[in-house]
Amino acid sequence: GAPQTRFVADFIGTANLIAGRAVDGRFRSSRGFDFPLPDGPVPEGSEIVLSLRPEKIDIVSAERADGVTANVARVTKLGSLVEYLVTLPSGDNLV
């Protein structure tokens, strides 16, 4: 299930945590990032925190994108891994 606290969401590994509200069945950050919420009991207007794990994010070309668009702001090589910092149109950042 979904983590119930920010501590649990960020406990193991890295998580992108963005504060916002539930509006019309969607997550909205104060900067305007808009994302569909999964079905479930999230009362309208509730303050919530969206947790996105980096390993669940796929980066594809804009021509193939059917999700959220972003700009790659930084690429960091970590041994055999590559970490991308992307900036959403709202100004929110994801790793």
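Source: prediction; values computed, not measured.

A. View of the overall build of the protein chain. Secondary structure assignment for the protein chain yields 1 helix and 7 strands. Along the chain direction, N to C, the helices and strands of the protein chain fall in the order α-β-β-β-β-β-β-β. Looking at the protein chain as a whole, 19% of its 95 residues qualify as buried. In the protein chain, 43% of the contacts between residues at least 6 apart in sequence involve partners at least 24 apart.

B. Spatial organisation of the pattern of salt bridges. By the definition in use, this model includes 4 salt bridges. Between Glu83 and Arg74 there is a salt bridge, and its shortest N-O distance comes to 3.6 Å. Take Arg74: its relative accessible area is 39%, and that puts it in the partly exposed class. Connected via shared salt-bridge partners are Arg26, Arg28 and Asp34.

C. Fine view of the sheet that holds strand β6 (residues 81-87). The 3 strands lie next to each other as β5-β6-β7, forming an open sheet whose pairing is antiparallel. Each end of this open sheet is capped by a strand with a single partner; those strands are β5 (71-78) and β7 (93-94). Here β5 pairs with β6 via 7 bridges, running antiparallel. Counterpart to Thr76 in the pairing with β6 is Glu83.

D. Representation of the packing of aromatic side chains within the structure. Within this structure, the stated rule accounts for 2 aromatic pairs. Ring geometry for Phe27 versus Phe33: centroids 6.2 Å apart, planes at 65°, classification edge-to-face. Take Phe27 and Phe33: they sit in the same class, and that class is buried. Through successive ring pairs, a cluster of aromatic residues spans Phe27, Phe33 and Phe35.

E. Spatial organisation of the environment of Leu85. Here Leu85 is to be found in strand β6. A relative accessible area of 18% places Leu85 in the buried class. When the C-alpha atoms of Leu85 and Val72 are compared, they prove to be 6.0 Å apart, with 13 residues separating the residues in sequence. Ignoring any residue separated from it by four or fewer positions in sequence, one finds Leu85 in contact with Asn71, Val72, Ala73, Arg74, Asn93, Leu94 and Val95.

About the cut-offs
- Residues numbered from 1 in each chain as written.
- Predicted model: local features only at pLDDT ≥ 70, side-chain atom pairs only at ≥ 80, totals over all residues.
- Heavy atoms only, no water.
- Helix = DSSP H or I, 4+ residues; strand = E, 2+ residues; numbered from the N terminus.
- Buried < 20%, exposed > 50% of the residue type's maximum accessible area, 1.4 Å probe, protein only.
- Contact = heavy atoms within 4.5 Å.
- Salt bridge = Lys/Arg side-chain N within 4 Å of Asp/Glu carboxyl O.
- Pairing = 2+ DSSP bridges.
- Phe/Tyr/Trp six-rings, centres within 6.5 Å; stacked < 30°, edge-to-face > 60°.

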